[in-house]
Amino acid sequence: MSIEAPDLSLAALLPLLFVFGAACVGVLVEAFGPRESRHPVQVGVALVGTLGGLVTTLLLAGTGEVTAGGALAVDGAAVFLQATIAGLAALSVLMFAERNLDPARSAFVVSAAVPAGSVRDRELLTVQRVQTEVYPLTLFAVGGMMLFVAANDLLVMFVALEVLSLPLYLISGLARRRRLLSQEAAVKYFLLGAFASAFFLYGVALVYGATGSVRLADVRSAVGAGDGEVLLVLGLALLVVGLLFKASVAPFHTWTPDVYQGAPTPVTAFMAACTKVAAFGAILRLLYVAFGPEEWTWRPLVYGVAIVSMVVGAVLGLTQTDLKRMLAYSSVAHAGFLLTGVLGYPGAGDPAGSGLPATMFYLLAYGLTTLGAFAVLTLVRSGDGEATHLSQWAGLAQRSPLTAAVMSLFLLALAGIPLTSGFTGKFAVFRAAIENGAWPLALVALLASAVAAFFYLRVIVLMYFSEPAADGPTVGVPGLPTTIVLAVTAAATLVLGVVPGSVLALADQAAIFVG
Amino acid sequence: MTLTHYLVLAAILFTIGAVGVLVRRNAIVVFMCVELMLNSVNLTLVTFARATGTIDGQIMAFFVMVVAAAEVVVGLAIIMSIYRTRRSASVDDANLLKY
């Protein structure tokens, strides 16, 4: 038996090669670079990697090919989502690189190996040295995410899932302040994440048993022919559970608030924005490409979890007193809104439809807004790090009108108020759902939005109409990196709300799955 | 011994692993249960490779082993770091983040 070398289209793989190449360079710099110059070099490598990934994906616009022996599908949807991930990751790297806000010059721990709370740890807390292992780890996670949305094979999807998850488990435990919370978040994320990926893997095995292949196209033809019905349905359910966990959809969301709160805020921003895009990219490809003919099996499942996710996110969001946890529940609710878009699947005959472009646009809009909201959180600080308790934000508009105004913009966008990107995104996914007969779901989504709007507006009211406490938090002056992040995300939130036409048209053109 | 026996054995092992994750309190034991789940999937994969007459399942089992090894490295590092602080690997003691 001879083994054939797979055909590799290097042009189509260029974005992935760029990001993974930069990650490997980052590891070498970490090992051999002199300590003094490591931080600027690592930031440079990470920015070149992510921006290079962004530019190379944009150059690929319009391609639609299956490469690497059928394992990767570089099509319109993959390119759009890869560009979204790379762009959001570049902004996240800028947030990681911020050195003006923390008195010790970095949000990341100097030495993760030193036990938290020990004498040595207290000494290191004020040392102005910065550790840079977070940059190569982030690049590996970004590479895994970009691979995840292009995976045309369940095995590649599993490997990409792990490549994106493992670095995330590590970097969520690297906070400089409140290290116990951060480590606890990492343990919880790791144990639950490994549990969920075991379910995903069992799903892969069952689908393989039913169809004899893990290629999405082969699975699709086996599904169409009605082979191995029981195994396929079980496999589909397990695969979807694994993916819904990553997308933090209720009832698989229990890790989300804890990890979002415990992880360093720049890492939370990165996770909230990029992981969501990657997980939904994979969900869309799995359901539309492989299980399109099985639509009536997964439709009730997705319908149900969408409702649970919206209701749980909106209702539990109301009860939160910590802003990071509140944004985590907001992310759970938004995962439900995104699933409304996933249900806009027009049927096996027409893979384009309105569900795919609507969901892709929503992912871009939500990613930018949530990244901006977390960037504002890094500005407001009290003695021991960020002031995330709701009561500390009272009267913030009197202390810093600009910060309060920018935060209000992001909160209004998350609530879906017109003239912000959130409204355009919600309008697009609800329309897609209604066009496909899921109007009861759109109705629930509207009610959930109304409930969720209450807790976003509560923060705005608190910032503008409360008296500031005497010992309130200070608002830090951000350096260039965070300023760029805030400017880009705020501008994008407004532009995608006021003149979304061209981006919506782009998402429409890109909404093609091959394979 | 038919192939079905192997599939049933794998399903039982997977269930033992899943229940173990849910009921055990020590992070290391929880992690071992996850590994048990991964290895039961390996058994399922090679059985299906035999049943369908394709080699993909055996190759996938190798991929799973490599991924599981990488997961051990990351997982033990994380559990180790929290153990050194708390002197305990119990998942019940890690309760600062809630509600």
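In the nomenclature of an unreviewed UniProt entry, chain B is known as NADH-quinone oxidoreductase subunit K of Geodermatophilus tzadiensis. Under the UniProt heading Subunit (unreviewed entry), the note attached to chain B is "NDH-1 is composed of 14 different subunits. Subunits NuoA, H, J, K, L, M, N constitute the membrane sector of the complex." UniProt's Sequence similarities (unreviewed entry) comment on chain B is quoted here verbatim: "Belongs to the complex I subunit 4L family."

Per an unreviewed UniProt entry, chain A goes by the name NADH-quinone oxidoreductase subunit N and belongs to Geodermatophilus telluris. Entered under Subunit (unreviewed entry) in the UniProt record, the comment concerning chain A runs "NDH-1 is composed of 14 different subunits. Subunits NuoA, H, J, K, L, M, N constitute the membrane sector of the complex." Annotation of chain A in UniProt includes, under Catalytic activity (unreviewed entry), the sentence "a quinone + NADH + 5 H(+)(in) = a quinol + NAD(+) + 4 H(+)(out)".

Q: Tell me about the overall build of chain A, and name the residues and values.
A: For chain A, the helix and strand inventory stands at 20 helices and 5 strands. Over its C-alpha atoms chain A spans a radius of gyration of 22 Å, differing by no more than 12% from the 24 Å that the globule rule assigns to 515 residues. Principal axes of the C-alpha set define a box for chain A whose edges measure 70 × 55 × 40 Å. Put simply, chain A has 515 residues, and 62% of those count as buried. Taking as baseline every contact in chain A between residues at least 6 positions apart, the subset at least 24 positions apart corresponds to 80%.

Q: Describe the nonpolar core, and please don't skip the residues or the numbers.
A: Residues and elements named next belong to chain A. Ranked by size, the top nonpolar core spans 233 residues in total, and within it I85, F148, V204, C274 and M360 carry the most contacts. Counting residues per element, this core draws most heavily on helix α7 (residues 179–211), at 21 residues. In contact with M360, not counting residues within four places along its chain, are A77, F80, L81, A507, A510 and A511.

Q: Give me the UniProt feature "transmembrane region" (unreviewed entry) in chain B: which residues, what numbers.
A: Using the residue numbers shown here, the UniProt feature "transmembrane region" (unreviewed entry) corresponds to residues 6–23, 28–49 and 61–83 of chain B. Helix makes up 100% of residues 28–49 of chain B and strand 0%, and the two end C-alpha atoms of the span are 32 Å apart.

Q: Before we move on, could you go through the environment of L356 of chain A and cite the residues and values that matter?
A: All names here are of chain A. Considering the arrangement of structural elements, one finds L356 in helix α14 (residues 355–379). Taking the C-alpha atoms as reference points, L356 and G341, separated by 15 residues in sequence, lie 7.2 Å from one another. With residues up to four places along the chain from it excluded, the contact list for L356 reads A77, L284, Y288 and A511.

Q: Explain the packing of α14 of chain A against helix α19 (residues 480–498) of chain A residue by residue, including any values.
A: Residue and element names in this part refer to chain A. Between α14 and α19, whose axes approach to 9 Å, the crossing angle comes to 140 degrees. Compared by their axis directions, α14 and α19 come out oblique. For the pair α14 and α19, the sense of crossing is left-handed. Contacts from A365, L368, T369, L371, G372, A375 and T378 in α14 reach T482, V485, L486, T489, A490, A492, T493 and L496 in α19. Grouping the constituent residues of the contact of α14 with α19 by class yields 9 nonpolar, 6 polar and no charged.

Q: Report on helix α11 (residues 265–290) of chain A, specifying residues and quantitative values.
A: Residue and element names in this part refer to chain A. With 26 residues, α11 extends 36 Å from end C-alpha to end C-alpha; this agrees with the ideal 38 Å at 1.5 Å per step. Roughly 25 degrees is the biggest bend found in α11, and it falls at T275. Within α11, 26 of the 26 residues are buried, leaving the element largely enclosed by the surrounding structure.

Q: Go over the confidence of the model for chain B with me, naming the residues and quoting the values.
A: Looking at chain B as a whole, its pLDDT mean stands at 90, while 98% of the residues score no less than 70. As scored by the predictor, the complex reaches a pTM of 0.94 and an ipTM of 0.95.

Q: Lay out the sheet that holds strand β4 (residues 385–386) of chain A in plain terms, naming residues and giving numbers.
A: Hydrogen bonds between backbone groups are what pair the strands of a sheet, and the pairing can be parallel or antiparallel. Residue and element names in this part refer to chain A. Strands sit in the order β4-β3-β5 across an open sheet of 3 strands; the sheet is antiparallel. Either end of the sheet is taken by a strand with one partner, and the two such strands are β4 and β5 (474–475). Two elements, strand β3 (residues 380–382) and β5, share 2 bridges in a ladder whose sense is antiparallel. By the bridge assignment for β5, V380 is matched with V475.

Q: Hey, could you go over the interface of chain B and chain A for me, with residue numbers and the actual values?
A: On the side of chain A, 34 residues touch chain B, which itself brings 34 residues to the contact. Looking at the side of chain B that touches chain A, the elements with two or more residues in it are α1 (3–23), α2 (27–52) and α3 (56–86) of chain B. Partitioned by chemical class, the residues of the side of chain B that touches chain A number 24 nonpolar, 7 polar and 3 charged.

Q: For the packing of helix α17 (residues 421–435) of chain A against α19 of chain A, give the residues involved together with the corresponding values.
A: Residue and element names in this part refer to chain A. Contact geometry of α17 with α19 gives a least axis separation of 6 Å together with a crossing angle of 45 degrees. When the axes of α17 and α19 are compared, the pair comes out oblique. Contact residues: S421, F423 and T424 in α17; A492, T493, L496 and G497 in α19. Here the contact of α17 with α19 is built from residues that sort into 3 nonpolar, 4 polar and no charged.

The rules we used
Residues numbered from 1 in each chain as written. Chains lettered and ligands numbered in written order. Predicted model: local features only at pLDDT ≥ 70, side-chain atom pairs only at ≥ 80, totals over all residues. UniProt positions renumbered as here; feature names shortened; annotations may be inferred. Helix = DSSP H or I, 4+ residues; strand = E, 2+ residues; numbered from the N terminus. Rg over C-alpha atoms; globule rule 2.2 N^0.38 Å. Buried ≥ 20, exposed ≤ 12 C-beta atoms within 10 Å, placed from the backbone. Contact = placed C-beta atoms within 7 Å. Core = buried A, V, L, I, M, F, W, Y, C linked by C-beta atoms within 7 Å. Axes fitted to C-alpha atoms, helices over the stretch in contact; angles between N-to-C directions. Parallel < 35°, antiparallel > 145°, perpendicular 65-115°, else oblique. Left-handed = near helix turned anticlockwise from the far one by under 90°. Nonpolar A, V, L, I, M, F, W, Y, C, P; charged D, E, K, R; others polar. Expected span 1.5 Å × (residues − 1). Bend = angle between axes of the 7 residues up to and from the residue. pLDDT = per-residue confidence, 0-100. Pairing = 2+ DSSP bridges.

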